[in-house]
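A closer look at the structure
Listed below, chain by chain, are the residues.
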Amino acid sequence: MPPVRTRVGQLPTSQTKSPRTLACASCQQRKIKCDRQSPCANCLKQRIQCIPATQTRVRKRRFPERELLDRLRKYEDLLRKNNVKFDPLHKDPGTTGDQGAETSEEEGPNKSNHSSPAPARSESAHEPKNLWQAMSQGPRYGHTNEMLHEAVVKLSWDQSFGNDHHIILGSRKASVDLATMHPEPVHIIRLWQLYLDNVNPLFKVTHTPSLQGMIIEAATNTMSIEPHLEALMFSIYCMAIQSLTAENCQTLFGLSQADLLTKYQFGCQQALLNCQFLRTDNRTCLTALFLFLFSLNSNTNPQSLSSMLGIAIRIAQRMGIDSETFLAKQSVFEAEMSRRLWWSLLMLDARMGELSGAKTSTLNPIWDCKPPMNINDSEIWAGMKEPPSVQGKATEAVFIVLRSEMANYIRNSPFHLDFLNPALKPIAKDLPNGGDVSTFETRIQDEYLKYCDKDNPLHLMTILTIRASLSKCYLLESYAKHFDSSVHKTDAESDASVLQAFRLLECDTTILSSPLTKEYAWLFQIYFPFVAYINIIQDLKKRPGNNLTERAWQVMNENYEVRSKSPRAFESPLFVIFARVILEAWEVLESTFRQSDFNVPSPKIILNIKQRLAEMTKDILNPNTEPPDDALNTFLDQSSMLMPMGMGFGDESLSSGMAGQTGFPWSDPRILANMPGQTPMLNDINHLNWVSMVRGLREARGW
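Residues numbered from 1 in each chain as written. Predicted model: local features only at pLDDT ≥ 70, side-chain atom pairs only at ≥ 80, totals over all residues. Heavy atoms only, no water.

**Digging into the overall build of the protein chain**
Assigned secondary structure in the protein chain consists of 29 helices and 0 strands. Taking all 703 residues of the protein chain together, the buried fraction comes to 44%. Contacts spanning at least 24 positions in sequence make up 73% of the contacts within the protein chain whose residues lie at least 6 apart. In the form shown here, the protein chain has an accessible surface area of approximately 39,000 Å², with 52% of it arising from carbon and sulfur atoms. (Helix = DSSP H or I, 4+ residues; strand = E, 2+ residues; numbered from the N terminus. Buried < 20%, exposed > 50% of the residue type's maximum accessible area, 1.4 Å probe, protein only. Contact = heavy atoms within 4.5 Å. Areas by Shrake-Rupley, 256 points an atom, 1.4 Å probe, with all protein chains shown as cover.)

Put into structure tokens, the structure is as follows:
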């Protein structure tokens, strides 16, 4: 009786399958057929020992068809980008006469007539054609095509001209030995560590894991440092010194901050000249130039620095780091570091353009470099093949990532282009909800800020910086909306703008005063929140005594107090403009109080500004003698600073002991009940004679 099967093709459990006999080891190695005997015929013929195999030969995995097609498409795309003619596997429907969508195999010939969405345009569609490449694709006659190559032409230019880099940084001093200008090895390591602690988290333009070993090795032998690395090292010295306070610098290095900056900036200039930086295509050299230019901001006119940054921006554009089409051809590591450098250059250029009144800022939508990835330095390295996965948390690069996201939003926003160049609006990227600031703020909060820890210094710096930037966007959006004087703000809109100005000043105050962010506060020395002050002051003059008045003076007091601690806070002629605007707002409010028969103490900011201006007037006229009674008015007349006599610097309140008072009776019912509406003394800040004010002060002080 045959065995009973419990299922089709299945034998009872009592009947087991015999073990499989494998080919012997020799046949497996020689890849020949084995008769699986012991010994086998092949081994007997070769007269060798037949050793039974214990495992099968590892077979090569069959190449997946999908992976093959993906790789083929990638290669075809590279050929298209380089304008190489080839016969594609599938014709691109966008390049043929048939404009319909490609029919898929699953849909077959009976596909519905409804048109499918048009395929997304590849990034190569925005790549400009290369003229040299176009000229070299004609018929080949001798070496003509090989000579018509961009690199060959560039080399010819380099050989035609000598060293011409002195036109920017001066002639290179042949007698200068840069090896002697480096600090001692122990100080090199200390400056490197200061850079890592105070500067690198905010820029991330250098890669710590790969650079640290080179810095340590160079510190032990300064005689043979590669030129590009040497320029970068001097720029790191400059930024490390600038990130310190004058007191800390003297304590750590025994020299003044100004002397060390002068020494290392000169060394950086010479190192950049050695690199032929004006012709460079080296990212390290451009990074050194960026750090060097940033270190100049404390003692350089913004107009001059903006011009120098224009050179750095042009070098970056020639290198192609502003173009994703170019970066796609680079390694993952090089592309990411280039993005960080481009966005850092861009933001410094935008700020210097803002300070100098330039309308040629690079913060515009005509380039397509993506913001950096939210990753740690340990996740990228030279030679990696695939980009790392972007994390959904706050990494060590979160500051530069969020600032880049912020700048990327601003350069496409309608209110920014209204002030920069409205003609660029048609090419700007479409933003969600028409570029509404609140919509962007919600996205930033959900994707980044909610992962930040306020007890982490870098995270706190990131939160405060982005919130301050968002508040500035709200104010600029409001100014753009109400640019026409016929469009008046409602009280609700005015309150909303003032609250945003409060938030901007409060964030700025916290950054400059918090012990957690003290290592990063140096960055905000060039970001004085002038637009917030102006917004508050205009509202105070328009609506004196409203429910936000007390908080307005309190917020300005706190910010002015931390800002005034800067050693150069009152050396700029702009301080006189700032002081004039603040004092005018106080005069409006003080006049309102006088009409209500109520005396109000002057806030600290008013007392301090009056005292500072009095000292400036005394120094200008004669530092050794008391000025005559009309000296101050004469000086103010010359500077177009015609203040009312009631605001003279001889006010008794300066010595009346009221500087310690902090309370302001804004909400006293006796004031609010009888307070009439005041016509603003200055409805538009543009009515100030800015040029005359600055010119008068410059002539008086010899600036």
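**Looking at the packing of aromatic side chains**
If you walk through the whole model with that rule in mind, you get 19 aromatic pairs. A centroid spacing of 6.0 Å and a plane angle of 80 degrees characterise the contact between phenylalanine 203 and tryptophan 522, whose relative ring orientation is edge-to-face. In this pair, phenylalanine 203 sits in helix H9 (residues 185-203) while tryptophan 522 sits in the loop between helix H22 (491-513) and helix H23 (530-542), placing the two residues 319 residues apart along the sequence. As far as burial versus exposure is concerned, phenylalanine 203 and tryptophan 522 are alike and both buried. (Phe/Tyr/Trp six-rings, centres within 6.5 Å; stacked < 30°, edge-to-face > 60°.)

**Regarding the nonpolar core**
One finds Tyr195, Phe203, Leu286, Met556 and Ile582 to be the most contacted residues of the largest nonpolar core, which totals 146 residues. Of the residues forming this core, the biggest block, 12 residues, is contributed by helix H21 (residues 457-481). With residues up to four places along the chain from it excluded, the contact list for isoleucine 582 reads Tyr533, Ile537, Trp553, Met556, Ile605, Ile606 and Ile609. (Core = buried A, V, L, I, M, F, W, Y, C linked by side-chain atoms within 4.5 Å.)

**Let's talk about the pattern of salt bridges**
Under the criterion given, the structure shown has 22 salt bridges. For glutamate 324, the salt bridge is made with arginine 339, and the minimal N-O distance between the two is 2.9 Å. You can see glutamate 324 sitting in helix H16 (residues 324-327) and its partner arginine 339 sitting in helix H17 (residues 332-356), a full 15 residues away along the chain. You'll find glutamate 324 and arginine 339 in the same group, each marked buried. Members of the salt-bridge network, linked through shared partners, are Lys204, Glu324, Glu336, Arg339, Arg340, Asp377 and Glu396. (Salt bridge = Lys/Arg side-chain N within 4 Å of Asp/Glu carboxyl O.)

**Quick look at helix H14 (residues 283-295)**
Relative to the 18 Å expected for 13 residues at 1.5 Å per residue, H14 spans 18 Å between its end C-alpha atoms, a close match to the ideal helical length. All of the buried residues along H14 are Arg283, Cys285, Leu286, Thr287, Ala288, Leu289, Phe290, Leu291, Phe292, Leu293, Phe294 and Ser295. N-capping of H14 is provided by asparagine 282, with a side-chain oxygen placed 2.8 Å from the backbone N of threonine 284. (Expected span 1.5 Å × (residues − 1). Polar contact = N/O pair within 3.5 Å; in protein donor to acceptor, adjacent residues only side chain to side chain.)

**Points about unusual backbone geometry**
At the junction of serine 38 and proline 39, the peptide bond is cis and its omega measures out at 0 degrees in the coordinates. Phi angles above zero are rare outside glycine, and arginine 36 is one such case at about 60 degrees. By the secondary structure assignment, arginine 36 is in the loop between helix H1 (25-30) and helix H2 (41-46). Assessed through its relative accessible area of 38%, arginine 36 is described here as partly exposed. The backbone phi angle of asparagine 433 is positive, close to 60 degrees, even though this residue is not glycine. Here asparagine 433 is to be found in the loop between helix H19 (414-420) and helix H20 (437-447).

**Quick look at the packing of helix H18 (residues 398-412) against H20**
If you want to describe how two helices pack, look at the angle between their axes and the distance between the axes. Between H18 and H20, whose axes approach to 12 Å, the crossing angle comes to 160 degrees. By the angle between their axes, H18 is roughly antiparallel relative to H20. The two elements H18 and H20 meet at a crossing, and its hand is right-handed. Across the interface between the two elements, Leu402, Glu405, Met406 and Tyr409 from H18 touch Val437, Phe440, Arg443 and Ile444 from H20. When the residues that make up the contact of H18 with H20 are grouped by side-chain class, the tally is 6 nonpolar, no polar and 2 charged. (Axes fitted to C-alpha atoms, helices over the stretch in contact; angles between N-to-C directions. Parallel < 35°, antiparallel > 145°, perpendicular 65-115°, else oblique. Left-handed = near helix turned anticlockwise from the far one by under 90°. Nonpolar A, V, L, I, M, F, W, Y, C, P; charged D, E, K, R; others polar.)

**Topic: the environment of alanine 521**
For alanine 521, the location among the structural elements is in the loop between H22 and H23. Along the chain, alanine 521 and threonine 510 lie 11 residues apart, while their C-alpha atoms are 9.6 Å from each other. Sequence-distant contacts of alanine 521, defined by excluding residues within four places in its chain, comprise Ile511 and Leu512.

**Here we look at H9**
Taken as a whole, H9 carries its principal kink of about 45 degrees at leucine 196. Here H9 has its buried residues at Ile188, Leu191, Trp192, Leu194, Tyr195, Leu196, Asn198, Val199, Asn200, Pro201, Leu202 and Phe203. Within two residues after H9, lysine 204 carries a phi angle of roughly 55 degrees, on the positive side. (Bend = angle between axes of the 7 residues up to and from the residue.)

**Structural notes on the side chain of arginine 339**
A relative accessible area of 13% places arginine 339 in the buried class. When residues no more than four places from it in sequence are discounted, the contact partners of arginine 339 are Glu324, Leu327, Cys369, Lys370, Pro371 and Pro372.

**Digging into the environment of aspartate 368**
With respect to the element layout, aspartate 368 can be found in the loop between H17 and H18. A C-alpha to C-alpha distance of 6.0 Å links aspartate 368 and glutamate 324, two positions 44 residues apart in sequence. Contacts of aspartate 368, omitting those with residues within four sequence positions, involve Asp322, Ser323, Glu324 and Arg411. In this structure the side chain of aspartate 368 is engaged in a polar contact, spanning 3.1 Å, whose partner is the backbone nitrogen of glutamate 324.

**A look at the packing of H21 against H22**
One way to put it is that H21 packs onto H22 with a least axis distance of 9 Å and a crossing angle of 150 degrees. In terms of axis orientation, H21 runs roughly antiparallel to H22. Read as a crossing pair, H21 and H22 show a hand that is left-handed. Along its contact with H21, which presents Met461, Leu464, Thr465, Arg467, Ala468, Leu470, Ser471, Lys472, Tyr474, Leu475, Ser478 and Lys481, the element H22 presents Glu493, Ser497, Gln500, Ala501, Arg503, Leu504, Cys507, Thr510 and Ile511.

**Notes on the confidence of the model for the protein chain**
Summing up the model confidence of the protein chain, the mean pLDDT is 77 and the portion of residues at 70 or higher is 70%. Ranking the helices and strands of the protein chain by mean pLDDT puts H14 first, with 97, and helix H28 (residues 669-674) last, with 38. For residues 140-144, every residue scores under 50 in pLDDT, and the model assigns this stretch 2 contacts once sequence neighbours within four places are set aside. (pLDDT = per-residue confidence, 0-100.)

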